[in-house]
Amino acid sequence: MQAKGTVFRYGDNVDTDVIIPARYLNTSNHKELASHCMEDIDQDFIKQVKEGDIMVADKNFGCGSSREHAPIAIKESGISCVIARTFARIFYRNAINIGLPILECPEACDGIKAGDVVSVDFNTGTITNESTGDVFHSEPFPPFMQDLIASGGLAGYIANGGGKA
């Protein structure tokens, strides 16, 4: 699996209430959730994001409530990958469950800024800043987690026969 896109850059402690404000949680429509993604921290995000773009953040991305709506809104907005220094554990698990690729890589966070074009090779964990030529290395997901993400998340993975003992 690979991704390539323009970077949207955020700082520390981006919580789930900022990713998708609670006032929009009365819908189960994923596109509707995506239309409000990041609006309380970056009103231009949803107007500018394109399919395949990449989100980069610093420490504790996805902290706050355990709502699955946050990674759903990010994924449905078109973001192909989130790279952060660290993730809140519940966000990390929810992202994997819904098939949103995420990588922890402090060095990449130090070397990537908003507007850079970044490519990611999920098989190797290689993150390349195409704008600067800098290359960073993250721990790749094990094959079963790559299959889970490629299946669109846990539901698709199980529907495709994954997880059989």
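Bear in mind the structure is a predicted one, so any value in this text is a computation, not a measurement. (Residues numbered from 1 in each chain as written. Predicted model: local features only at pLDDT ≥ 70, side-chain atom pairs only at ≥ 80, totals over all residues. Heavy atoms only, no water.)

Details of the pairing of strand β5 (residues 117-121)
The two faces of the sheet receive side chains in turn, since in a regular strand these alternate between them. Stated precisely, the cut-off is as follows: Each residue gets one of three labels from its accessible area relative to the maximum for its type: buried under 20%, exposed over 50%, partly exposed in between, using a 1.4 Å probe on protein chains only. Strands are runs of DSSP state E lasting at least 2 residues, helices are runs of H or I lasting at least 4, and numbering of each runs from the N terminus. In short, DSSP must find at least two bridges between two strands for them to pair.
With four of five residues buried, β5 lies mostly within the body of the structure. Sheet topology note: the strand β1 (residues 2-9)/β5 ladder contains five bridges and is antiparallel. Residue pairing for β5: T6 is matched across the bridge by V117. Turn length for the β5-strand β6 (residues 126-129) hairpin, with the two strands adjacent in sequence and antiparallel, is four residues, and the turn residue G125 shows positive phi of about 80 degrees.

Quick word on the pairing of strand β2 (residues 54-57)
Side chains I54 and V56 project from β2 onto one buried face, and the interleaved M55 and A57 project onto a second face that is buried too. By the bridge criterion, three bridges tie β1 to β2 in an arrangement that is parallel. Bridge pairing links R9 to V56 in β2. Where β2 meets strand β3 (residues 81-84), four bridges bridge the pair, whose relative direction is parallel. Bridged to A57 within β3 is A84.

Section: the packing of aromatic side chains
The following threshold applies: Within 6.5 Å between ring centres, the rings of Phe, Tyr and Trp (the latter by its six-membered ring) count as paired, and their orientation is classed by plane angle as stacked under 30 degrees, edge-to-face over 60, tilted in between.
Inspection of the entire model under this criterion finds five aromatic pairs. Look at F61 and F91: their rings are 5.2 Å apart centre to centre, the planes differ by 85 degrees, and that puts the pair in the edge-to-face class. Of this pair, F61 sits in the loop between β2 and α4 (69-77) while F91 is found in helix α5 (residues 89-98), placing the two residues 30 residues apart along the sequence. Ring centres 6.2 Å apart and planes at 65 degrees place the aromatic pair F87 and Y92 in the edge-to-face group. Relative accessible area serves as the criterion here: at 22%, Y92 is assigned to the partly exposed category.

Let's talk about the state of the cysteines
Definition in use: The definition used for a disulfide is geometric: two cysteine sulfur atoms within 2.5 Å.
If you walk through the whole model with that rule in mind, you get zero disulfides. Lacking any disulfide linkage, C109 is separated from the closest cysteine sulfur, that of C105, by 6.7 Å. The exposure class assigned to C109 is buried, which follows from its relative accessible area of 2%.

Regarding the layout of surface pockets
Sizing a probe to match a water molecule and rolling it over the atoms shows the empty space that remains. How we decide: A pocket here means an open set of points on a 1 Å grid, computed over the protein atoms alone, that has protein on both sides within 12 Å along at least five of seven lines. A cavity is instead a set of points where a 1.4 Å probe fits but cannot get out; residues with an atom within 4 Å of a point line either one. Grid points are joined across faces, edges and corners, and a volume is the space filled by probe spheres set on the points. Under the convention adopted here, Pro, Cys and the residues Ala, Val, Leu, Ile, Met, Phe, Trp and Tyr are nonpolar, Asp, Glu, Lys and Arg are charged, and Gly plus all remaining residues are polar.
Considered as a void within the structure, the largest pocket measures approximately 170 Å³ in volume. Surrounding the largest pocket, 15 residues form its lining, K75, I79, S80, G99 and P101 being those nearest its centre. For the lining of the largest pocket, the elements supplying multiple residues, two or more each, are α4 and α7 (143-150). Of the residues belonging to the lining of the largest pocket, the class tally is seven nonpolar, four polar and four charged.

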